[in-house]
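Coordinates in review
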There are 2 protein chains.
Amino acid sequence: MNELLKNHIRKITPVNDDEFDAISTYFTAQRFKKHQFLVQTGKPAPYEFFVTKGLLKSEVTDSSGKTHILQFAYEEWWISDMQAFNSGEPASLDIDCLENTEVLSITYDAKERLCANFRCMEYFFRKKSNAGNIALQKRVLMLMQASAAERYEQLIHQYPQMHARISKKLIAACLGITRETLSRLSNS
Amino acid sequence: MNELLKNHIRKITPVNDDEFDAISTYFTAQRFKKHQFLVQTGKPAPYEFFVTKGLLKSEVTDSSGKTHILQFAYEEWWISDMQAFNSGEPASLDIDCLENTEVLSITYDAKERLCANFRCMEYFFRKKSNAGNIALQKRVLMLMQASAAERYEQLIHQYPQMHARISKKLIAACLGITRETLSRLSNS
């Protein structure tokens, strides 16, 4: 599973095998079962996760009890509660497994040490953070779009494997539309 | 106005005066009048802006012609179309001035050279990008909240100077509520 992280880093910055062996010691491999939680609202969220196998979702439950999906993550995606991870405050969202999942996890302190010790990783995480910004900006603009059809098109573009792996119920929850509206869109 | 940037950087990482003098050469000071646009939908967005004086908003217009405010920015905030700035693609939002505004602008290439030449700036921009991620995650969660009252509370927390500088009409547009609903919330 470390090969996936090595190749993922090499898409952004060169690292040789010896460097990567040292870099990989900052991460811990973890396995989770389908339906298991990695982050829970109100609890600490000390890890950022790099998905090596499986599928996760992050979601928030509003004061009326309705859940809204923030993002999905599968192989080569990073996921965490950014606010909680960076501030040490309790999580404001839940992250759970839609499939049996394997991740490489890193704590805030380990990430800071990794960046301090490896200049290439400071560069890598700056670039990944920018990519996260872009994805979140798209998510905000998607939520603001009036048309469900446009939101649907953007979601397919963001998650090419969506239909094969994510249920219609969850896709609808991510788009903030009913399953009936989703069926009309996906058949049109 | 460079003093503001120097102190802003020093909140995150130490830089001495000589280093800062070199760092500041990567930025260009620009002035804009109230109502002037810094970024326009469909056009290139080659700059990231650090606000030294004034007030800006970024907004998107949906396919039905309705505008939605993504963010406000005043002194010591950074603003750009992240997607367009980082990819070189055309902007998908507008950024314009709500007051006469002064900024320090930096191009994508200058930012990359700055980070390559000054390790402290690579660290600085990684941290700022994380902060941007947190702000955008909050914005997404805010948009997903069912209750207008909760969205209003979060917005006040994010922009303490909001009521003094931003019109009720724009605050309502940012929250996605009517001015009447906003009046009820701000009087309660």
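Please refer to the structure placed before this passage.
The rules we used
Residues numbered from 1 in each chain as written. Chains lettered and ligands numbered in written order. Predicted model: local features only at pLDDT ≥ 70, side-chain atom pairs only at ≥ 80, totals over all residues. Heavy atoms only, no water. Pairing = 2+ DSSP bridges. Helix = DSSP H or I, 4+ residues; strand = E, 2+ residues; numbered from the N terminus. Contact = heavy atoms within 4.5 Å. Axes fitted to C-alpha atoms, helices over the stretch in contact; angles between N-to-C directions. Least-squares fit on C-alpha atoms with pLDDT ≥ 70 in both. Buried area = accessible area lost by both parts, 1.4 Å probe. Salt bridge = Lys/Arg side-chain N within 4 Å of Asp/Glu carboxyl O. Polar contact = N/O pair within 3.5 Å; in protein donor to acceptor, adjacent residues only side chain to side chain. Nonpolar A, V, L, I, M, F, W, Y, C, P; charged D, E, K, R; others polar. Parallel < 35°, antiparallel > 145°, perpendicular 65-115°, else oblique. Left-handed = near helix turned anticlockwise from the far one by under 90°.

1. Here's the deal with the sheet that holds strand β1 (residues 28–32) of chain B
Residue and element names in this part refer to chain B.
- The 4 strands are arranged β1-β8-β3-β6 in an open sheet whose pairing can be described as antiparallel. What marks the edges here is a single partner per strand, and that holds for β1 and β6 (78–79).
- Taken together, the 5 bridges between β1 and strand β8 (residues 101–107) define a ladder with antiparallel strand orientation. Among the inter-strand pairings, arginine 31 is bridged to a residue of β8, identified as glutamate 102.
- Lying on the sheet, helix α1 (residues 2–10) is in contact with β3 (47–53), β6 and β8; it crosses β3 at an angle near 105 degrees.

2. A closer look at the relation of the copies chain A and chain B
- When chain A is brought onto chain B, the operation consists of a screw motion whose angular component is 180 degrees and whose axial shift is 0.0 Å, with 0.0 Å RMSD remaining. Put plainly, the chains are arranged around a two-fold axis. It is A:Arg126 whose C-alpha, among those of chain A, lies nearest the rotation axis, at 2.2 Å.
- Of all interface residues in chain A, 100% are interface residues in chain B too; the two copies therefore contact each other through one and the same surface.

3. Observations concerning the interface of chain A and chain B
- Taken residue by residue, the interface counts 43 residues in chain A and 43 residues in chain B.
- Among the residues chain A hides against chain B, the three largest losses belong to A:Arg119, A:Arg126 and A:Met144. Together they make up 19% of the total.
- In this assembly, chain A and chain B are joined by 8 salt bridges.
- Across the pair A:Arg119 and B:Glu122 runs a salt bridge, and its minimum N-O distance is 3.5 Å.
- Where chain A meets chain B, there are 21 residue pairs in polar contact (both at pLDDT 80 or more).
- Where the side of chain A that touches chain B is concerned, the elements lending two or more residues are β5 (67–74), α3 (82–87), α4 (108–117) and α5 (119–144) of chain A.
- Counting residues per element, the side of chain A that touches chain B draws most heavily on α5(A), which supplies 19 residues.
- Looking at side-chain class alone, the side of chain A that touches chain B contains 18 nonpolar, 14 polar and 11 charged residues.

4. Looking at the packing of helix α6 (residues 148–158) of chain A against helix α9 (residues 179–187) of chain A
Residue and element names in this part refer to chain A.
- α9 packs onto α6 with a crossing angle of 65 degrees between their chain directions and a minimal axis gap of 10 Å. In terms of axis orientation, α6 runs roughly perpendicular to α9. Judged by the twist between their axes, the crossing of α6 over α9 is right-handed. For the pair α6 and α9, contact is made by Ala148, Ala149 and Tyr152 and by Thr181, Leu182, Leu185 and Ser186, respectively.

Function-wise, these values are silent; they only describe arrangement.
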